[in-house]
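Residue-level structure breakdown
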Amino acid sequence: MNAYPIVIENTALEWLSSFLSERKFSKILLISDQHTRKHCYPILESFLPPHEIYEIAPGEIYKNLDTCQLLWEALTHRKMDRQSVVINLGGGVIGDMGGFVAATYKRGISFIQVPTTLLSMVDASVGGKLGIDFKGFKNHIGIFCEPEAVVIYPPFLDTLPEEELASGFAEVIKHHLIADRERWGTLKQVKDIRNQNLAKIIRHSVDVKQKIVEIDPFEKGIRKALNFGHTVGHAIEGHALEQGEPMLHGEAVAIGMIAESWISMQRGLLAEAELGEIKELIGRLYPGRQIMEVDFEVLYARAQNDKKNIGGEVICSLLEGIGKPLVNVAISKEEFMGALTFANIVYGF
């Protein structure tokens, strides 16, 4: 895959302005949701050349084909050609879906990711993964396609509520657990996310993800380490969304990391003390949610349809120790159920 600029600076919007002037795109459509239109667009607006805006409703529930159709219609109505560009101003939903729409319109037009949440800054906007949810399954329909640029303006984080900041920080924890044992010693002591050096944390996570993606751009091997916590987490997140009780992505992944760390420990891969460090940090930063035992079978059925699976087996990425991932591990139904029980115990349910 081709290299593309990832700018992480307080001057990132000035950089974007220069980039757009140099490229001279024929038309610009900015996709936002109601929140980013209100809180982030006024900061960005003066840095953009003439453009139009398309606003969608916020939330994972709208990350589907129906919204894509509205966006494709908007691109068509505006007569956007293959020299046009889409700017995705938002979190993971906007970036995933806006990128997917751009990459499939007229067999692909340019798009730029301008992430506004910690989750999208440290994970979703980097790596070229695009997609939407389908029939209750997370990111079930999608493609790999790289943006023209990723423009990360850390002050956008000042607009986020605490729970959104925590959601993104779950991916920061994941990046340390799969790739940086040394820095884990510092991270595990975090008690207040907002008072951290978030720009430095974003750079670290982007570096971790970029290095992995460069080795394995199409997720054939080591890139699957980035799915740590996501097999269990996506099952929980998708079920909660279907039940009308949506969870933030990071909240579900946090539970997933506890669950998959427990499986790692049960297999003798992860030391019990390391599992203790993981559950202590996650238990401190995330409120958790009880997973009803009556839902265990439904969650396992969801995991059986996860896109990472091979030959009908549920596939996880586990830990052989903090900083050392193990990919393509088939787990049993008993392990999956036991991990859900353990997650409930951690949170006292």
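Everything discussed here concerns the structure shown above.
Source: prediction; values computed, not measured.

A separate point is the overall build of the protein. From N to C terminus, the protein includes 14 helices and 10 strands. Relative to the 2.2 N^0.38 estimate, which gives 20 Å for 349 residues, the radius of gyration of the protein is 20 Å and therefore close to what a compact globule would have. Along the longest, intermediate and shortest principal axes, the C-alpha atoms of the protein span 55 × 40 × 35 Å. Expressed as a percentage of the 349 residues in the protein, the buried residues total 56%. Considering only contacts in the protein between residues 6 or more positions apart, those separated by 24 or more positions represent 77%. Surface exposure of the protein reaches about 14,900 Å², of which carbon and sulfur atoms provide 50%. For the protein, the centre of its 36 positive side-chain charges and the centre of its 45 negative side-chain charges are spaced 4 Å apart.

All right, on to helix α7 (residues 162-179) then. Between the first and last C-alpha of α7 there are 26 Å, a value that for 18 residues agrees with the 26 Å anticipated at 1.5 Å per step. Most of α7 is tucked away: 14 of the 18 residues are buried.

Let us now look at the pattern of salt bridges. Taken as a whole and judged by the stated rule, the model has 21 salt bridges. Across the pair E171 and K174 runs a salt bridge, and its minimum N-O distance is 2.7 Å. Here E171 pairs with K174, and both are found in helix α7, just 3 residues apart, close to one helical turn. Classification of K174 by relative accessible area gives buried; the value is 1%. One network of salt bridges, in which partners are shared, links E60, K63, D96, K138 and E237.

Quick look at a nonpolar patch on the surface now. Taken together, the side chains of L65, F134 and I141 make up a nonpolar region of the molecular surface, amounting to roughly 210 Å² of accessible area. Checked against the element boundaries, L65 lands in helix α4 (residues 65-77).

A few words now on the side chain of S110. Within the secondary structure, S110 sits in strand β5 (residues 110-115). Judged by its relative accessible area of 14%, S110 is buried. Here E148 takes part through its side chain, which lies 3.3 Å from a polar atom of the side chain of S110. In contact with S110, other than residues within four places in its own chain, are F25, S84, V85, V86, A102 and E148.

Here we take up unusual backbone geometry. Most peptide bonds are trans, and most residues other than glycine sit at a negative phi. Of note in the backbone geometry, K24 takes a positive phi value of approximately 50° without being a glycine. Take K24: it is sitting in the loop between α1 (12-23) and β2 (28-33). Positive phi, normally seen in glycine, also occurs at R107, with a value near 65°. In this structure R107 comes out as exposed when scored by relative accessible area, which is 80%.

Considering soluble globular proteins, one finds that nonpolar side chains tend to be buried as a cluster. Ranked by size, the top nonpolar core spans 95 residues in total, and within it I112, F169, I173, Y286 and F336 carry the most contacts. Here this core gets 9 residues from one element, more than from any other, and that element is helix α11 (residues 249-266). With residues up to four places along the chain from it excluded, the contact list for F336 reads V232, A235, F296, L299, Y300, A303 and I331.

In this fold, E251 is placed in helix α11. Classification of E251 as buried rests on a relative accessible area of 15%. The spatial distance from the C-alpha of E251 to the C-alpha of G288 is 7.0 Å, given a sequence separation of 37 residues. Setting aside chain neighbours within four positions, we find E251 in contact with S167, G288 and R289.

Turning our attention to the sheet that holds β2. Taken in spatial order, the 6 strands make up an open sheet running β1-β8-β5-β4-β2-β3, and their pairing is parallel. Taken across any chain shown, the strands that pair with only one partner, and hence form the sheet edges, are β1 (6-8) and β3 (52-56). In this sheet, neighbouring strand axes are inclined to one another by 15° on average, regardless of whether the strands run parallel or antiparallel. Sitting on the sheet, α1 touches β1, β2, β4 (85-90), β5 and β8 (149-152), and the angle it makes with β8 is about 150°. Lying on the sheet, α4 is in contact with β2, β3 and β4; it crosses β3 at an angle near 165°.

On to the environment of S125, then. Summarising the element assignment, S125 is placed in the loop between α6 (118-124) and β6 (129-134). The spatial distance from the C-alpha of S125 to the C-alpha of Q113 is 6.2 Å, given a sequence separation of 12 residues. Aside from chain neighbours lying at most four places away, what touches S125 is Q113, P115, S120 and V150.

The rules behind the values
Residues numbered from 1 in each chain as written. Predicted model: local features only at pLDDT ≥ 70, side-chain atom pairs only at ≥ 80, totals over all residues. Heavy atoms only, no water. Helix = DSSP H or I, 4+ residues; strand = E, 2+ residues; numbered from the N terminus. Rg over C-alpha atoms; globule rule 2.2 N^0.38 Å. Buried < 20%, exposed > 50% of the residue type's maximum accessible area, 1.4 Å probe, protein only. Contact = heavy atoms within 4.5 Å. Areas by Shrake-Rupley, 256 points an atom, 1.4 Å probe, with all protein chains shown as cover. Lys, Arg positive; Asp, Glu negative; His and termini not counted. Charge placed at Lys NZ, Arg CZ, Asp CG, Glu CD. Expected span 1.5 Å × (residues − 1). Salt bridge = Lys/Arg side-chain N within 4 Å of Asp/Glu carboxyl O. Patch = residues over 30% accessible without salt bridge, like charges linked within 9 Å, V, L, I, M, F, W, Y side chains within 5 Å. Polar contact = N/O pair within 3.5 Å; in protein donor to acceptor, adjacent residues only side chain to side chain. Core = buried A, V, L, I, M, F, W, Y, C linked by side-chain atoms within 4.5 Å. Pairing = 2+ DSSP bridges. Axes fitted to C-alpha atoms, helices over the stretch in contact; angles between N-to-C directions.

Worth remembering: the numbers are spatial, not functional.
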